[in-house]
Amino acid sequence: MTATGSQILKGVNYASGAAGIRHESGKTQGDRLSLGEQVFLHKTTVSRLALLLKGRKAALNYLKKCIYTVGFGSNDYVNNYFMPEAYTTSQEFTTEAYAEVLAQEYLRQLNELYKYGARKVAVLGVGQVGYTPVELSRFGADVATLNAAVELFNAELKTLVAAFNANSTGAIFTFLNSTGISSGSNVTIADLSKTCCSVVPTTNYTCVPFKQEIYSNRDEYIFFDNIHPTEAANEPVATRYYSALDPTDAYPYDIKQLTSSSTAASL
């Protein structure tokens, strides 16, 4: 949010902790910028870019070369739908209907990004949120219900990406299969339950402040705190986002293909 002047030519990150597609998602975690608010910030960036590059047309031509990564949805489940003590969405929608509602709002905001110059867009699928330490503590064996609900949403995202590519001039959208990539390793529930710091099992997501030192051997853990994977867990997933190891890792392109001129020229 503090990026100014020529800094924005190097890339901008609007990410906000606990943010969701729905505006209310994550409200129990404090202040955050929802997807809609982040898209609004991007519109401001485009206006600034037009001033830097001496015109809106030049700005849009510049943005055609840029790769956007958009990753939303997990907080709409863990910090909304599956938190009935704070939200009513699970009473208002079936899991099927909720996936559709989320995808429709996502589509609306992605259309805004497209309108303001986004052409190469990687949409990250939601991972198996039920296998985070906090949800394992809260739901136990019922975490399969969480993962099944998220997969309904991921299926909607694949359809959304295909529709963008078919119906939007110059659009090169792709879906990155977070669940398929992360579920390929031999990981036990015990491994998933361990964290690199002290946490309150069923209530807080981040480390309890000042209780103990953060473990130094973090490369041996899957989760840093109650919900966020470590770098050791994220790196192999990101590697397969960039260069797919399996055909199901990315649909229809991996990040490397998004950068190639041959992919752009073929569309």
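What you see as residue numbers is a count from 1 along each chain, following the sequence as written. The model is predicted, so local features are restricted to residues of pLDDT at least 70 and side-chain atom pairs to those at 80 or more, both for listing and for counting; the totals for chains, interfaces and linings are taken over all residues. In computing side-chain values, all of the structure's heavy atoms are included and hydrogens and water are not.

The protein chain has the name GDSL esterase/lipase in an unreviewed UniProt entry, where Kalanchoe fedtschenkoi is given as its organism. Per UniProt, the protein chain carries the Subcellular location (unreviewed entry) text "Secreted". UniProt positions are given in the numbering used here, feature names are shortened, and annotations may be inferred rather than shown by experiment.

### Side note on the environment of arginine 48
To qualify as a helix, a DSSP run of H or I must reach at least 4 residues; to qualify as a strand, a run of E must reach at least 2; elements of each kind are numbered from the N terminus. Assignment of secondary structure puts arginine 48 in helix α1 (residues 35–52). A C-alpha to C-alpha distance of 8.5 Å links arginine 48 and threonine 4, two positions 44 residues apart in sequence. We call two residues contacting when some pair of their heavy atoms lies within 4.5 Å. Each residue touching arginine 48, except ones within four places of it in the same chain, is listed here: Ala3 and Ile8.

### Some details on the state of the cysteines
In what follows, a disulfide is any cysteine sulfur pair within 2.5 Å. Summed over the entire model, instances satisfying the criterion amount to one disulfide. One disulfide in the model links cysteine 197 with cysteine 207; its S-S distance is 2.0 Å. Measuring the twist about the S-S bond at about -80°, one finds the cysteine 197-cysteine 207 disulfide to be left-handed. On the criterion of sequence distance, the pair formed by cysteine 197 in the loop between α9 (189–193) and α10 (231–242) and cysteine 207 in the loop between α9 and α10 is long-range, its members being 10 residues apart. Among the residues examined, cysteine 207 registers a relative accessible area of 19% and is labelled buried. Note on cysteine 196: no disulfide assigned, nearest cysteine sulfur contributed by cysteine 197 at a separation of 6.9 Å. Using a 1.4 Å probe on the protein chains alone, a residue whose accessible area is under 20% of its type maximum counts as buried, one over 50% counts as exposed, and one in between counts as partly exposed.

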